[in-house]
Amino acid sequence: KCPVCSKVSVISVCDAAAKSSILSSDEEVTVNLPIIAFRYGPQVFWLHVGESDEGNVALTQNRVANVLGMNTDDGLKILHRGKVLFPDDTKTPEEISKHLLTVTQEELAHHKKPSLVVMGKRVGHWGSQGGHVHR
């Protein structure tokens, strides 16, 4: 529900840093920021990934987990067209992060809806999307 009116469901979440790229009225979208776009339950998220403490681009999977209140080590899964991209023991966290950003950049460039899907258990909740109950 909307945190302001508590009457309507929130279907999109876009942070301020990602807003300028997402809400561009141009025919051609140029994404200069590391942005991740994904679906979680009925909601769509567009988020700026930001930087790590070392000044590098932060890990995309960590940004997703942080926003959704999940733990990257336990239960977070990121899928693309049915294939699990995270976790993937055959790739480094940096490779996974870069791949997730590339998927989003391609979708934004072609004005496509996000195809990344996030699943997982939120910290302090049981169940998965839609049925969150505090312990």
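Residues numbered from 1 in each chain as written. Predicted model: local features only at pLDDT ≥ 70, side-chain atom pairs only at ≥ 80, totals over all residues. Heavy atoms only, no water.

### Overview of the overall build of the protein
Here is step 1: Across its full length, the protein holds three helices and eight strands.
Here is step 2: Helices and strands in the protein line up, N terminus first, as β-α-β-β-α-β-β-α-β-β-β.
Here is step 3: When the 135 residues of the protein are sorted by exposure, 34% land in the buried category.
Here is step 4: Counting contacts in the protein only where the partners sit at least 6 residues apart, residues at least 24 apart contribute 53% of the total.
Here is step 5: Here the protein displays about 8600 Å² of accessible surface, and carbon together with sulfur accounts for 52% of that area. (Helix = DSSP H or I, 4+ residues; strand = E, 2+ residues; numbered from the N terminus. Buried < 20%, exposed > 50% of the residue type's maximum accessible area, 1.4 Å probe, protein only. Contact = heavy atoms within 4.5 Å. Areas by Shrake-Rupley, 256 points an atom, 1.4 Å probe, with all protein chains shown as cover.)

### With respect to the confidence of the model for the protein
Here is step 1: Per-residue confidence for the protein gives a mean pLDDT of 82, with 80% of residues at or over 70.
Here is step 2: Across residues 127–135, where pLDDT falls below 50, the model places 20 contacts with residues more than four positions away in sequence or in other chains. (pLDDT = per-residue confidence, 0-100.)

### Digging into the nonpolar core
Here is step 1: Counting residues in each nonpolar core, the largest one holds 21 residues, and the members touching the most others are Ile36, Phe38, Leu68, Leu116 and Val118.
Here is step 2: Of all elements in the fold, only strand S2 (35–40), strand S3 (43–48), helix H2 (60–68), strand S5 (83–86), helix H3 (93–109) and strand S6 (116–119) reach the threshold of two or more residues within this core.
Here is step 3: In contact with leucine 68, other than residues within four places in its own chain, are Phe38, Tyr40, Phe45, Val118 and Arg122.
Here is step 4: In terms of nonpolar packing, the next biggest core, distinct from the first, is built from six residues, Ile35, Val44, Trp46 and Leu108 among them. (Core = buried A, V, L, I, M, F, W, Y, C linked by side-chain atoms within 4.5 Å.)

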